[in-house]
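Below are the chains, spelled out letter by letter.
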Amino acid sequence: MLVINRFVVAPDAVDGFTERAHAALAALAARPGYTRGRLTRGLDEPDQWCLVTEWESVGTYRRALGAFDVKVNATPLLAESLDEPSAFEELASAEPGGEVAVRASDRATNPGR
């Protein structure tokens with residue numbers, strides 16, 4: 001599962017934002033089911049930032065959000081993200097030079113499309 005939280009950060013707020021984003025990323029990374037995360041910034045629009053995390057499942061992500069350290073260090077930051085969908089299920093992937101691996105959707109109404 002992929003979670004993408006997007007932010008618009010004013011130039012004068014970057015230092016404080018990155019400090020809080022690093023703390024959020026560390027809190028999330030300590031939770032079971034976390035597989036990878038990164039903080040990114042737009043190359044063409046440097047006020048655009050993303051906190052991207054990957055999880056074993058939607059359940060591990062939701063349980064992580066309930067952890068005390070995440071509530072203290074990540075939830076306030078995540079609440080500042082743009083109000084748009086942020087959680088996505090993986091339906092297909094490919095390693096460099098590899099075949100495309102297709103996965104069935106966890107959603108009963110949409111079988112992997």
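All residue numbers refer to positions counted from 1 along the written sequence of the respective chain. Local features are withheld for residues below a pLDDT of 70 in this predicted model, meaning they are given only at 70 or higher, and side-chain atom pairs are given and counted only at 80 or more; totals for whole chains, interfaces and linings count all residues. Heavy atoms throughout the structure, all of them, feed into the side-chain values; hydrogens and water do not.

Digging into the packing of aromatic side chains
Piece 1. When the centres of two rings from Phe, Tyr and Trp lie within 6.5 Å, Trp using its six-membered ring, the rings pair. Their planes under 30 degrees apart give stacked, over 60 give edge-to-face, and anything left gives tilted. Applying the stated criterion across every chain, the model contains four aromatic pairs.
Piece 2. Site record: aromatic cluster; members linked through ring pairs are F7, F17 and W49.

Quick look at the environment of L82
Piece 1. Along the chain, L82 turns up in the loop between α4 (75-78) and β4 (87-88).
Piece 2. Exposure classes here rest on a 1.4 Å probe applied to the protein chains alone. A residue is buried below 20% of its type maximum, exposed above 50%, and partly exposed in between. On the accessibility criterion, L82 (30% relative accessible area) is partly exposed.
Piece 3. If we skip the residues at most four places from it in the chain, L82 touches R6 and V8. Only DSSP runs of H or I with at least four residues qualify as helices, and only runs of E with at least two residues qualify as strands; both kinds are numbered from the N terminus onward. Should any heavy atoms of two residues lie within 4.5 Å, those residues are considered in contact.

Focus: the pattern of salt bridges
Piece 1. Salt bridge criterion: a side-chain nitrogen from Lys or Arg within 4 Å of a carboxyl oxygen from Asp or Glu. Tallying each qualifying case throughout the model produces five salt bridges.
Piece 2. Of the charged contacts in the structure, one is a salt bridge between E80 and R20, with a shortest N-O distance of 2.9 Å. Highlighted residues: E80 in the loop between α4 and β4 and R20 in helix α1 (residues 14-29), separated in sequence by 60 residues.
Piece 3. Take E80: its relative accessible area is 44%, and that puts it in the partly exposed class.

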